[in-house]
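# Chains, contacts and geometry: an overview
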Amino acid sequence: MKDMQFWFVVGSQSLYGEDVLKTVAVRAAEMAAELSKALPYPLIYKVTAKSNAEVASVVKDANHDDTCAGIITWCHTFSPSKMWINGFANLQKPYCHFATQYNREIPNEEIDMDFMNLNQAAHGDREHGFIAARLRMPRKVIAGYWKDESVQKRLGDWMKAAIGVAVSKEMKVMRFGDNMREVAVTEGDKVEVQAKLGWQVNTWATGDLVKEMNAVTEAEIDALMAVYQADYDMATDKLDHVRYQAREEIAMKKMLDAEGCRAFSNTFQDLYGMEQLPGLASQRLMAQGYGYGGEGDWKVSAMTAIMKAMGEGGNGCSLFMEDYTYHLVPGQEYSLGAHMLEVCPCCAAGKPRIETHHLGIGMNEKDPARLVFEGKEGDAIVVSLIDMGGRLRLICQDIHCVKPILPMPNLPVARVMWQASPSLTTGVECWITAGGAHHTVLSYDVTAEMMKDWCAMLDIEFVHITKDTTVESLEHDLFLSDLAWKLK
Ligand code: MN
């Protein structure tokens, strides 16, 4: 996603004359260049639009340019909004209306009617906002002075959400085997997600993977073992088990890259021809930015890849997670999250250890190797995308990850411990009421606001469980939301 950029489209009109329009263009270019220094992706000044034809033209170009991840508009002067209708009606990229102003202060001595005509964003942005409201366009409105750090942070976060849309539109998920038998929440309508989110979700035989694994050379495995030795503590002497995971990692990466897939799923119920469920192998691939979902959960797999791409540097701290068990001591209420093996080491508080342990679930001939570590402390969210039948719902809960309060020396997997909002038990009641899955994406660097924006861009229901949520208010919101979505 390194080549992606955003376009700055500034509204005006011909009425003001050449001098004013020249000033607007110079300032818009200056603002885009300055903002680009602070934003995670470049903001490219494109045009001072003065007519229906100019707006229609820049929107057409934005739609067709694969590097354009979204447009940001602003009105330095007044820009009559009927001239935006034809363009906006065709806009297919995420859209942010940035209500700002070139000057921070009203200049006491200098201000006269010429100044007012040139600097009337307060006036122009209202006209501009009306037409998007009238057209029911999905959009983000951000108001504030363009040089303020907090404003730039919000613009940057919106950009990252838009990058999540670009990644979504190109998402390909490789499924090794089907979903775990009888499980409901990991199912979903693959045709609907492709139409709505762009995801291509398809299956490859486990036998194809085994064939690819058998073609991996000892030299390739030696090279990857050197990386393992450097990056992790080797806390096992069963090196042949670790080598088997290296073989799996190399083979899966080859297959994913050959098909252009950024995410994959597998299931312990279909390991035909394999000696171990991929543990270390899946963890390593996740650390490289690939999405993963256990038990055939392709929805959480795609969401993991998307949220990783939305994070810092295009591969942030978002990971596949599963709610496992609770600590219900009054005043010490925590959730413990983990998975059978597959927790991404991006969240590790220290250097992960490679361990091998017996795994009773699935047909593992040998004890699978996996990375074991504690998750780091920090504010985070957990997110679950579910198929409600006719629409998708994304449930997001605010959490705070802590250093695990217990060492749990006999737990053979990586673990993350957190406090939930508004509290553990009310949070659980809300989560279950909304239908959230046991699988989630846990993220330290993607915020709830970013996920809300991502949902708005893709027309997905967004449910947010915060410190202020009550079961009663949530039930009320879900009831109204259900009605609204049926009318859509
Ligand atoms: Mn699971």
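Quick summary incoming for the structure in this document. (Residues numbered from 1 in each chain as written. Predicted model: local features only at pLDDT ≥ 70, side-chain atom pairs only at ≥ 80, totals over all residues. Heavy atoms only, no water.)

For sheets, the rule is that strands pair by backbone hydrogen bonds, running either parallel or antiparallel. Taking strand neighbours across the sheet as the criterion, the four strands line up as S7-S6-S9-S10 in an open arrangement whose pairing is parallel. Only two strands of the sheet have a single neighbouring strand rather than two, namely strand S7 (200-204) and strand S10 (291-293). Within this sheet the neighbouring strands show an average axis-to-axis angle of 20 degrees, counted without direction. Examined bridge by bridge, strand S6 (residues 172-176) and strand S9 (residues 263-265) share three bridges and lie parallel to one another. Each residue of the ladder has a partner; that of Val173, found in S9, is Ala263. Across the sheet, helix H10 (residues 239-259) touches S6, S7 and S9, and the angle it forms with S6 is around 140 degrees. Against the sheet, helix H12 (residues 298-310) makes contact with S6, S7, S9 and S10, and its axis sits at roughly 155 degrees relative to S10, the strand it touches most. (Pairing = 2+ DSSP bridges. Helix = DSSP H or I, 4+ residues; strand = E, 2+ residues; numbered from the N terminus. Axes fitted to C-alpha atoms, helices over the stretch in contact; angles between N-to-C directions. Contact = heavy atoms within 4.5 Å.)

What follows covers the packing of aromatic side chains. Scanning all chains against the criterion turns up ten aromatic pairs. On the numbers, 6.3 Å between centres and 50 degrees between planes, the contact of Tyr228 with Tyr232 is tilted. Per residue, the accessibility class of Tyr228 equals that of Tyr232, and both read buried. Cluster of aromatic residues (ring-pair linked, three or more members): Phe6, Tyr41 and Trp158. A cation sits over an aromatic face here: Lys46 above Trp7, 4.2 Å from the ring centre. One residue, Lys488, lies across the ring of Trp485, its end atom 4.4 Å from the ring centre. (Phe/Tyr/Trp six-rings, centres within 6.5 Å; stacked < 30°, edge-to-face > 60°. Buried < 20%, exposed > 50% of the residue type's maximum accessible area, 1.4 Å probe, protein only. Lys NZ or Arg CZ within 6 Å of the ring centre and 35° of its normal.)

Another aspect to go through is unusual backbone geometry. Cis geometry is adopted by the peptide bond preceding Pro422, which originates at Ser421 and carries an omega value of -5 degrees. Relative to the helices and strands, Pro422 is located in the loop between strand S17 (416-420) and helix H13 (424-434). Positive phi, close to 55 degrees, is recorded for Arg136, a residue that is not glycine. If you trace the backbone, Arg136 turns up in the loop between helix H5 (121-134) and strand S5 (140-143). Backbone geometry at Glu295 places phi at a positive 55 degrees, although glycine is not the residue there.

Moving on: the nonpolar core. Formed by 133 residues in total, the largest nonpolar core has its most connected members in Trp199, Leu394, Leu442, Met451 and Trp454. Looking at this core, the element that brings in the most residues is helix H6 (residues 149-169), giving ten residues. With residues up to four places along the chain from it excluded, the contact list for Met451 reads Met303, Met307, Met310, Ile381, Val383, Leu394, Val446 and Phe462. The next biggest cluster of nonpolar side chains, apart from the first, holds 18 residues, and it includes Trp7, Ala49, Cys68 and Phe88. (Core = buried A, V, L, I, M, F, W, Y, C linked by side-chain atoms within 4.5 Å.)

Where H10 contacts helix H11 (residues 280-287), the two axes come as close as 8 Å, and the packing angle between them is 45 degrees. In terms of their interaxial angle, H10 and H11 are classed as oblique. Crossing hand, H10 versus H11: right-handed. Contact with H10, carried on its side by Val242, Gln245, Glu248, Glu249, Met252, Lys253 and Leu256, involves Leu280, Ala281, Ser282, Arg284 and Leu285 of H11 and no other residues of that element. When the residues that make up the contact of H10 with H11 are grouped by side-chain class, the tally is six nonpolar, two polar and four charged. (Parallel < 35°, antiparallel > 145°, perpendicular 65-115°, else oblique. Left-handed = near helix turned anticlockwise from the far one by under 90°. Nonpolar A, V, L, I, M, F, W, Y, C, P; charged D, E, K, R; others polar.)

With that out of the way, let us pick up the side chain of Ser79. For Ser79, the position within the fold is in the loop between strand S3 (68-75) and helix H3 (85-89). Take Ser79: its relative accessible area is 0%, and that puts it in the buried class. Looking at Ser79, its side chain comes within polar contact range of the main-chain oxygen of Ser12, at 3.1 Å. Here Trp84 takes part through its side chain, which lies 2.9 Å from a polar atom of the side chain of Ser79. The residues touching Ser79, leaving out its near neighbours within four places in the chain, are Gly11, Ser12, Ala49, Trp84 and Glu127. (Polar contact = N/O pair within 3.5 Å; in protein donor to acceptor, adjacent residues only side chain to side chain.)

Mapped onto the secondary structure, Tyr228 falls in helix H9 (residues 218-231). As a C-alpha pair, Tyr228 and Leu197 span 31 residues in sequence and 36 Å in three-dimensional space. Leaving out residues up to four positions away in the same chain, Tyr228 has contacts with Met234, Val242, Gln245, Ala246, Glu249, Leu280, Arg284 and Ile354.

The subject of this paragraph is H9. In this model, H9 (14 residues) spans 20 Å end to end at C-alpha, consistent with the 20 Å of a helix rising 1.5 Å per residue. Buried within H9 we find Ile221, Leu224, Met225 and Tyr228. Down the axis of H9, the sector holding all buried residues measures 110 degrees, keeping them to one side. Those residues of H9 that are exposed and angled more than 90 degrees off the buried face are Ala219 and Ala230. Considering only its buried residues, H9 is in contact with strand S8 (233-234), H10, H11 and strand S13 (353-356). (Expected span 1.5 Å × (residues − 1). Arc of directions from axis to C-beta.)

Turning next to the pairing of strand S1 (residues 5-11). Consecutive residues of a regular strand have side chains that alternate between opposite faces of the sheet. Within S1, seven of the seven residues are buried, leaving the element largely enclosed by the surrounding structure. Of the two faces of S1, both are covered, the one formed by Gln5, Trp7, Val9 and Gly11 as well as the one formed by Phe6, Phe8 and Val10. Note: S1 against S3, seven bridges, orientation parallel. Along S3, the bridge assignment pairs Val9 with Thr73.

Here the focus is the sheet that holds S8. With respect to topology, three strands assemble into an open sheet ordered S8-S13-S14, the strand pairing being mixed. Since the sheet does not close on itself, it has two edges, and those belong to S8 and strand S14 (369-372), each with one partner. As defined by bridge partners, S8 adjoins S13 across two bridges and the pair is classed as parallel. The partner of Asp233 across the bridge, within S13, is Arg353.

Next up on the list: the pattern of salt bridges. Within this structure, the stated rule accounts for 28 salt bridges. We note a salt bridge from Asp148 to Arg104, for which the minimum N-O separation is 2.8 Å. Taken together, the positions of Asp148 in the loop between S5 and H6 and Arg104 in the loop between strand S4 (95-99) and helix H4 (113-118) put the pair 44 residues apart, joining distant regions of the chain. For Arg104, a relative accessible area of 49% corresponds to the partly exposed category. Because the salt bridges share partners, they merge into one network encompassing Arg391, Arg393, Glu461, Asp482 and Lys486. (Salt bridge = Lys/Arg side-chain N within 4 Å of Asp/Glu carboxyl O.)

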